[in-house]
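This is what each chain is made of:
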Amino acid sequence: MPAYKAPLREIRFVLNELLEAEKLPELVPDFADATGDTVEAILEEAGKFCEEVLQPLNHPGDEEGCHFDNGTVTTPKGFREAYATFIEGGWTSLPCDPAYGGQGLPKLINFAVEEMICSANLSFGMYPGLSNGNYNAIHAHGSDEQKALYLPKLVDGSWTGTMCLTEPHCGTDLGLCKTRAEANPDGSYRLYGTKIFISAGEHDFTENIIHLVLARLPDAPAGIRGISLFVCPKFIPDADGKPGTRNPVVCGSIEKKMGIKASSTCVMNFDGAQAWLVGKPHKGMSAMFTMMNTARLAVGMQGLGIAEAAYQGAVTYARDRLQMRALTGAKFPEKPADPIIVHPDVRRMLLTMRSITEGCRALAYWIGYHLDLSQHHPDIEKRQESDDLVALMTPIVKAFLTDHGFHAANLGVQVYGGHGYIREWGMEQLVRDARITQIYEGTNGIQALDLVGRKLPTGTGRLARRFFHPVADYIEQTSEKPEMAEYVLPLAKAFAKLQQATAWIAQAGLANPNEAGAAATDYQRLFALTALGFMWCRMVEIALARKDDDRDGFYAAKVQSARFYMARILPETNSLFTILMAGSDSLMAMPAESF
Amino acid sequence: MAIRKACVIGAGVMGSGIAAQIANAGIPVLLLDIVPKEGNDRSAIARGAIDKLLKADPAPLMSRAAARLITPGNTEDDLDQLGDVDWIVEAVIERLDIKQALYQKLEGKRQQGSILSSNTSTIPLSTLMQGLPESIQADFCITHFFNPPRYMRLLEIVGGPKTRPEVLRDIADFGDRMLGKCIVRAKDTPGFVGNRIGVFWMQAAVTAALDLGLTIEEADAIMGRPIGAPKTGLFALLDLVGLDLMPHVDKSMAGLLQPDDPYMKIRRDWPLLQKMIADGYTGRKGKGGFYRLNTAGGGKVKESIDLKTGAYAPSDRARLDSADAAKGGLKVLVTHKDKGGQYAWKVLSGLLAYAASLVPEIADDVVAIDQGMKSGYNWKRGPFEMIDQMGAAWFAEKLTAENLPVPAFLETAARAGGFYKVEGGQIHHLKPDGSYTPLLRPTGVLLLSDIKLGSKPIMRNGSASLWDIGDGVACLEFHSKMNALDPDSLALVKQAVDHVAKKMRALVIHNEGENFSVGANIGLALFAANIAMWPMIDDMIATGQSAYKAVKFAPFPVVGAPSGMALGGGCEILLHCAAIQAHAETYMGLVEVGVGLIPGWGGCKEMLLRWQPGARDPKGPMPPVAQAFEAISLAKIAKSAHEAKELRFLRADDAVTMNRDRLLYDAKQKALKLLEAGYQPPAPQELRLPGPTGRVALNLAVEGFALQGKALPHDVTVSDALAEVLSGGKTDFTETVTEDQISKLEKKAFMSLLRTGPTLARMEHMLTTGKPLRN
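Residues numbered from 1 in each chain as written. Chains lettered and ligands numbered in written order. Predicted model: local features only at pLDDT ≥ 70, side-chain atom pairs only at ≥ 80, totals over all residues. Heavy atoms only, no water.

> So what exactly am I meant to see when it comes to the overall build of chain A here?
Summing up its helical and strand segments, chain A has 18 helices and eleven strands in all. Its C-alpha atoms give chain A a radius of gyration of 24 Å, within 12% of the compact-globule value 25 Å for 595 residues. For chain A, the spread of C-alpha atoms along the principal axes amounts to about 80 × 60 × 60 Å. Looking at chain A as a whole, 59% of its 595 residues qualify as buried. (Helix = DSSP H or I, 4+ residues; strand = E, 2+ residues; numbered from the N terminus. Rg over C-alpha atoms; globule rule 2.2 N^0.38 Å. Buried < 20%, exposed > 50% of the residue type's maximum accessible area, 1.4 Å probe, protein only.)

In structure tokens:
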């Protein structure tokens, strides 16, 4: 069972030294309370909770899984109690609007907490994660009445929420949605249909569950433009806002699945369940998307969390496990064998996990920081700029961080050798848990299409500007500094490839959309690796400046990780570039029947 | 007989518009109307009409000088002035008695052998001439203009049995060369060519929309671009021309057509239309029409009428697969299963068969009808071209399969393989007797589209081509989307100059697109700027500068032959040509400041050169700088070739062609003349510019405007960059500055502006909305 230690030093480095988040309260009046002391206390407490409460439940939760019995779901032993402690600690209210009982803290801080939760217990994190998505959608699109009714309960965690999108025949293409809404005389609706893959659709944590459901009104236009959003509580709140009549929205079964077994994945049957329209008729998809973008970033944090957990587990094992001698001769002659950490290939795996994970954290928090600015900066232009950057980088954060989470988990198993494959060590669970993150909230292939097909063309590259200009300026300014040459030159090379690839996709994709489609995934990865290169340059610049005050060797290690990233990870951009520039022909030429 | 002076009688919209176009051709014209019942000015009506001409938008007049060629008068005091008038156009109210009385009144006043024509659209020539003396009949014809006369290219000419052939020949020649019109010889039948088919189209389209239960948005979505008509479609077009016109036109057509004419079967009473007219919903000139803008509650909501109930509701965009599918051609459209496809078939099956049944009744050949519909209704293709696109045999078969009558001429075409064919690089058209006859262009008409049929380009890429147009002259054609200039266009400019220098004698830059060029492809530049590909943009500027420089200093004459918009980079290449032969409808301007930039391909430099003091200009280094600054910083666009001369986008000796079809021929002749005269390229010039003091002076003016709120914050930045270039950078008037030095300044200023957020925001806004952002 790998131990988990919340990486607070790493988190502080990114928050305080890289992003200078302690200046947020000055920059953004809404965050006046998010002072350094407050944030520090939150991180400490969150770390402790994750280490002591959530992580110990992770492996047993996986072993036991959820239980389904005639419409009710029982979560694994200890989860219910953990959730009670969780809401008691006020964790669900952290980033929420003070108007509804929230703490109004930056989403950035919540990102850090989410990372820790996902490292400790991804399945547990699903429940509050879905609630938060639900909260965001109602907050953005609900009527004042709906907000007053639901938000305080979602904020204090006494009710949870879901997002009911997928149906048996429609996943990615929600335009095919069949669930229908029929009007009641009182202005409410009745929902008929079946939703599947509904995380937290049914459980034993709370007295009520609030479903947000995509469905079609009788006069709806066909396709994606005819989808509306409804709120449908498990128990219809009575006049006092207490759970009242049981609504006919029932869990039909739960899925048996590869991972996140302690998270209940439900089939939900709507058999005339009473529901209320959220937002405007037929505008459900756009309402959903405001929520979905934040949700996608949150899934990226899941990937980061898993990667961190896998790295920590692997390092512990690599230090302890004694096998063979170092290739250059015994390093620990007093021991029967050297620990495997002496081996280049084991180091390759560890440093790959570490350098990408740290880069991912920097990238994700940077975007989290701008997510806050996009919603709270007093200057509308700054809000727009930040919003552009977040929109651009959301698919990259979601896809790259989850791809890395899975890859790191896999490397973790590899470092353990045969023991990694054995359940009791806990490493294979990470692989299984990580796998879904590459799929839900839009598969990583869909993220890539979103990036090349939607985000790049928006405003003829306006979103792209928010990333490309800072990087170009940074390279221009930093390339003069001799101590930075080892880092900035590789970044400059990768960035030039990224620029060329971007220009090529824009032009080739205009003439033939298949070209953009064929390049998308490799391009997304090229983009992400370059973005991490940028984050690493900025991190190493800080580390180099502070290397003389480095008692714990933190900055020295940062420099080493940066060197590894630049020398052995970033060059992957070269092959990605070559591959994507090869065009679509070799993909599309083969007739479908020849497969 | 040459027409040296003209008279238009009737100063309504059409009459004054015709007078304006005659004046645009440089011909003096009398504009007469009746004496008003009140007031002292007996020519007030005509005078008022001229005032309206000066204010109307789009402008009927090409220059203020043209306005001075129109002399107002009245039909009681001024008929004595007709003694030296060669052509009198009658454009008075559509009443037979009034017209005939006027014709009689003119006898003895007008010059012997002068031409008399009527702009009537509803009274047959035979009726107009009934009972009139032979002397009138011999000089009389119908000249039917379309509204507005400056911009609509169709001029239908109808002669009677007594009309002297020279009358028709002279008026056709004048209409073609001087008025720039597309001449269609029509027979004396109701509606002539354009309206006979156009009115049938509108009526058929209304009837079918009612029968098939389409919304007006759906009808418009099909009856516009998908069938090759202007995007206004049908109901929006009716709003534009006025709903009250419909019953008039219908009544007149119905009164004149034979009872068995297919039109009589599709016309019907339409109570909704009558009610709308009665309620004042006569279209855009009234309270609204099929569409209206509801401003109740302070909002601005576009509403549309429900054809069944007559109630207005917020307009909803049509969602018809067939409208998109129509990109695949008319056949795809008319066979599409949805109601848009059914609608298209219902309208076109009737319309096109009708057209095929009207040859030679309304015109001698299919060419006249196709040209009439293209130049009179702005259709992309005429009816016979539409049939050919679907396949005449296929169309005939489908009519047969649906038990619809197939006109004999269509059967002939189905057997022969279409109404048109290309043989030996030459278009031939089908006669009703089943023979093909070559489509001959008049002398002086040279079309690139004809050349393309018979030859392959000398060189070509995705954005431009080079053609051999004979006599050692090459034609450089732009053909990218909207002829926006991109690296491919520039590369071909360079290659064309190299090629002509080695293998040919002269170059014409011309294309048959709607616009000569809307300027540089700013989408490309914006995207490159957004992803910080500065070297690529730097390179685009340098490439453009060197390509245009190559044009300017080529060892052979380069003649620019623009039509339509020539903006930004499209204007700049013309500024570098040895000479210009411009279509009268050429709209030139350096509009870069609208997107937060300045001309980067030599536009600043050339404008400085254009404004170097001539004999009559004020001397000193500042006036040219100030003039160039004004033209560029205000993004002035010349609204005609004549105005372009005033703004010095064109030189005084650059030539103007009124008829677009004659433009390439004229340009080629101009190039050959320059060759004959022993063409020598210009020598590079050196300029004396004011330097920083000039820049300060210009900036002071701009800052003054900014303080008054007349200049926007970013205008100040852009103007300063422009001022720095035009004032010559760090020079002063004791030194000289070379052309290349100014080009360098242009590039530097361009790049610095491109790195500013507000410039990128302006570019993005222009691309998304087509309008300048005011930031």
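> So what exactly am I meant to see when it comes to the overall build of chain B here?
Broken down by element type, chain B carries 33 helices and 27 strands. Taking the principal axes of its C-alpha atoms as reference, chain B extends roughly 85 × 65 × 65 Å. Classification of the 775 residues of chain B by burial places 55% in the buried group. For chain B, contacts bridging at least 24 residues in sequence account for 69% of all contacts bridging at least 6. Of the accessible surface of chain B, which amounts to about 32,100 Å², a share of 55% is contributed by carbon and sulfur atoms. Put simply, chain B has 88 plus and 86 minus side-chain charges, and the middle of one group is 2 Å from the middle of the other. (Contact = heavy atoms within 4.5 Å. Areas by Shrake-Rupley, 256 points an atom, 1.4 Å probe, with all protein chains shown as cover. Lys, Arg positive; Asp, Glu negative; His and termini not counted. Charge placed at Lys NZ, Arg CZ, Asp CG, Glu CD.)

> Would you mind showing me how to read the UniProt feature "domain: Acyl-CoA dehydrogenase/oxidase N-terminal" (unreviewed entry) in chain A here?
UniProt feature "domain: Acyl-CoA dehydrogenase/oxidase N-terminal" (unreviewed entry): in the numbering of this structure it lies at residues 39-157 of chain A. Within residues 39-157 of chain A, the helical portion is 70% and the strand portion 5%, while the C-alpha atoms at the span's ends are 21 Å from each other. (UniProt positions renumbered as here; feature names shortened; annotations may be inferred.)

> Sorry, what's going on with the side chain of glutamine 137 of chain B here?
Among the secondary structure elements, glutamine 137 of chain B is positioned in helix H6 (residues 134-139). In this structure, glutamine 137 of chain B is in contact with Met129, Leu132, Lys162 and Thr163 of chain B, ignoring residues within four places of it in sequence.

> For this particular structure, what's the right way to read the interface of chain B and chain A?
Quite often, the size of an interface is put as the accessible area lost when its parts meet. Each partner contributes to the interface: chain B provides 18 residues, whereas chain A provides 18 residues. When the two sides are added together, the surface that chain B and chain A hide from each other amounts to roughly 1,500 Å², 57% of it contributed by carbon and sulfur. The partner of arginine 462 of chain A in a salt bridge is glutamate 764 of chain B, with the nearest N and O atoms 2.4 Å apart. For the side of chain B that touches chain A, the secondary structure elements donating two or more residues are helix H23 (522-530) and helix H33 (757-769) of chain B. Broken down by element, the residue count for the side of chain B that touches chain A peaks at six residues, all from H23 of chain B. By residue class, the composition of the side of chain B that touches chain A is eleven nonpolar, three polar and four charged. (Buried area = accessible area lost by both parts, 1.4 Å probe. Salt bridge = Lys/Arg side-chain N within 4 Å of Asp/Glu carboxyl O. Nonpolar A, V, L, I, M, F, W, Y, C, P; charged D, E, K, R; others polar.)

> Help me understand the sheet that holds strand E11 (residues 312-314) of chain B in this model?
The strands making up a sheet associate through hydrogen bonds between their backbones, and the pairing can be parallel or antiparallel. Residues and elements named next belong to chain B. With antiparallel pairing, three strands are arranged side by side in an open sheet as E9-E10-E11. This sheet does not close on itself; its edge strands, each paired only once, are strand E9 (291-294) and E11. The average undirected angle you get between the axes of adjacent strands in this sheet is 40°. Here E9 runs beside strand E10 (residues 301-305); their pairing, made up of four bridges, is antiparallel. (Pairing = 2+ DSSP bridges. Axes fitted to C-alpha atoms, helices over the stretch in contact; angles between N-to-C directions.)

> How should the nonpolar core be read in this particular structure?
Nonpolar side chains in soluble globular proteins tend to end up buried together. Residues Tyr365, Met393, Phe467, Phe468, Tyr523 and Phe527 of chain A together with Leu476 of chain B are the most contacted members of the largest nonpolar core, which totals 226 residues. Broken down by element, the residue count for this core peaks at 19 residues, all from helix H15 (residues 513-545) of chain A. Each of domain 3 (448-591 + 638-682) and domain 4 (592-636 + 683-775) of chain B gives at least three residues to this core. For phenylalanine 468 of chain A, the contacting residues outside a window of four places in its chain are Phe495, Leu498, Gln499, Thr502, Tyr523 and Phe527 of chain A together with Asn530, Ile531 and Ala532 of chain B. Ranked by size, the runner-up nonpolar core spans 112 residues in total, among them Phe200, Ile266, Leu333 and Tyr354 of chain B. (Core = buried A, V, L, I, M, F, W, Y, C linked by side-chain atoms within 4.5 Å. Domains from an automatic or database assignment.)

> Explain the pattern of salt bridges here, please?
Residues and elements named next belong to chain B. Taken as a whole and judged by the stated rule, the model has 79 salt bridges over all chains. In this structure, aspartate 173 engages arginine 177 in a salt bridge whose closest nitrogen and oxygen atoms are separated by 2.9 Å. Of this pair, aspartate 173 and arginine 177 are both found in helix H7 (residues 165-178), four residues apart, which corresponds to roughly one turn of the helix. Across the pair glutamate 739 and lysine 552 runs a salt bridge whose closest N-O atoms are separated by 3.0 Å. Here lysine 552 lies in helix H24 (residues 534-552) and glutamate 739 lies in helix H32 (residues 739-754), a separation of 187 residues in the sequence. Neither glutamate 739 nor lysine 552 differs from the other in exposure class; each is buried. A single network of salt bridges, built from pairs that share partners, joins Glu107, Arg110, Asp139, Arg164 and Glu166.

> Where do I start with the UniProt feature "domain: 3-hydroxyacyl-CoA dehydrogenase NAD binding" (unreviewed entry) in chain B in this structure?
As recorded in UniProt, the sites labelled "domain: 3-hydroxyacyl-CoA dehydrogenase NAD binding" (unreviewed entry) are residues 6-189 of chain B. For residues 6-189 of chain B, the end-to-end C-alpha separation is 27 Å, with 35% helix and 21% strand making up the annotated structure.

> Mind showing me how you'd approach the domain arrangement of chain B here?
Under the domain assignment, chain B is made up of domain 1 (6-185), domain 2 (194-430), domain 3 (448-591 + 638-682) and domain 4 (592-636 + 683-775). When each unit is reduced to the centre of its C-alpha atoms, the spacing between domain 1 of chain B and domain 4 of chain B is 46 Å.

> Which parts of the structure should I look at to understand the pairing of strand E13 (residues 426-430) of chain B?
For a regular strand, side chains alternate in direction, first toward one face of the sheet and then toward the other. All names here are of chain B. Among the five residues in E13, four count as buried, and that is most of the element. Where strand E12 (residues 420-423) folds back onto E13 in an antiparallel hairpin, the turn is made up of two residues, including glycine 424, whose phi is positive at roughly 60°. Pairing of E13 with strand E14 (residues 436-438) involves three bridges; the strand directions are antiparallel. Residue histidine 428 lies in a different strand from E14, and its bridge partner there is proline 438. Linking E13 back to E14 in an antiparallel pair, the connection comprises five residues, with glycine 434 at a positive phi of about 95°.

> I'm lost on the sheet that holds E12 of chain B in this one. Help?
Residue and element names in this part refer to chain B. The antiparallel open sheet is built from three strands, whose spatial order is E12-E13-E14. Only two strands of the sheet have a single partner each, and these edge strands are E12 and E14. Taken pair by pair, the neighbouring strands of this sheet meet at an average axis angle of 35°, ignoring direction. Note that E12 and E13 share four bridges and pair antiparallel. Bridging from a neighbouring strand, valine 422 pairs with isoleucine 427 of E13.

> How do you make sense of the packing of aromatic side chains when you look at a structure like this?
What describes a pair of aromatic rings is the distance from one ring centre to the other and the angle between the planes of the rings. All names here are of chain A. Tallying each qualifying case throughout the model produces 42 aromatic pairs over all chains. Centroid distance phenylalanine 49 to phenylalanine 86: 5.7 Å. Interplanar angle 40°. Geometry classified as tilted. Of this pair, phenylalanine 49 sits in helix H3 (residues 36-64) while phenylalanine 86 sits in helix H4 (residues 79-88), and the two are 37 residues apart along the sequence. Here the two residues phenylalanine 49 and phenylalanine 86 agree in accessibility, since each one is buried. Connected via pairs of aromatic rings, a cluster forms that spans Trp366, Phe467, Phe468, Tyr474, Phe495, Tyr523, Phe527 and Phe534. (Phe/Tyr/Trp six-rings, centres within 6.5 Å; stacked < 30°, edge-to-face > 60°.)

> Quick question: what am I supposed to make of the pairing of strand E9 (residues 243-246) of chain A here?
Residue and element names in this part refer to chain A. Where strand E8 (residues 235-237) and E9 come together, two bridges link them in antiparallel fashion. Across the sheet, phenylalanine 235 pairs through a bridge with arginine 246, a residue of E9. The hairpin formed by E8 and E9 contains five residues between the paired strands, and glycine 241 there has a positive phi angle of roughly 80°.

> Explain H15 of chain A to me, please; I cannot follow it from the model alone.
An ideal rise of 1.5 Å per residue puts 48 Å on 33 residues; H15 of chain A measures up with 46 Å between its terminal C-alpha atoms. Maximum bend of H15 of chain A: about 50°, positioned at alanine 520 of chain A. (Expected span 1.5 Å × (residues − 1). Bend = angle between axes of the 7 residues up to and from the residue.)

> Teacher, can you tell me more about the UniProt feature "domain: Acyl-CoA oxidase/dehydrogenase middle" (unreviewed entry) in chain A here?
As recorded in UniProt, the feature "domain: Acyl-CoA oxidase/dehydrogenase middle" (unreviewed entry) lies at residues 163-271 of chain A. The distance from the first to the last C-alpha atom of residues 163-271 of chain A is 17 Å, and the span holds 0% helix and 47% strand.

> How should I be thinking about empty space enclosed by the protein in this particular structure?
The gaps of empty space that remain are located by a probe, the size of a water molecule, rolled over the atoms. All names here are of chain B. The tally for this structure, following the rule as stated, stands at two cavities of 30 Å³ or more. Each pocket or cavity is described by its volume, and for the second largest cavity that value is around 50 Å³. Lining the second largest cavity, in full, are Ser121, Thr122, Ile123, Pro124, Asp188, Thr189, Pro190, Gly191, Phe192 and Leu256. (1 Å grid on protein atoms, 1.4 Å probe; cavity = no way out; pocket = protein on both sides within 12 Å on 5 of 7 lines; lining within 4 Å. Points joined across faces, edges and corners; volume = space filled by probe spheres on them.)

> How should I be thinking about the UniProt feature "domain: 3-hydroxyacyl-CoA dehydrogenase C-terminal" (unreviewed entry) in chain B in this particular structure?
Mapped onto the present numbering, the UniProt feature "domain: 3-hydroxyacyl-CoA dehydrogenase C-terminal" (unreviewed entry) falls on residues 191-292 of chain B. Annotated as residues 191-292 of chain B, this span is 58% helix and 2% strand, and its ends, taken at the C-alpha atoms, are 30 Å apart.

> Is there a simple way to explain the environment of aspartate 468 of chain B in this structure?
Residue and element names in this part refer to chain B. Looking at the element boundaries, aspartate 468 is found in strand E16 (residues 464-468). Take aspartate 468: its relative accessible area is 41%, and that puts it in the partly exposed class. The spatial distance from the C-alpha of aspartate 468 to the C-alpha of lysine 452 is 9.5 Å, given a sequence separation of 16 residues. In this structure the side chain of aspartate 468 is engaged in a polar contact, spanning 2.8 Å, whose partner is the backbone nitrogen of glycine 470. (Polar contact = N/O pair within 3.5 Å; in protein donor to acceptor, adjacent residues only side chain to side chain.)

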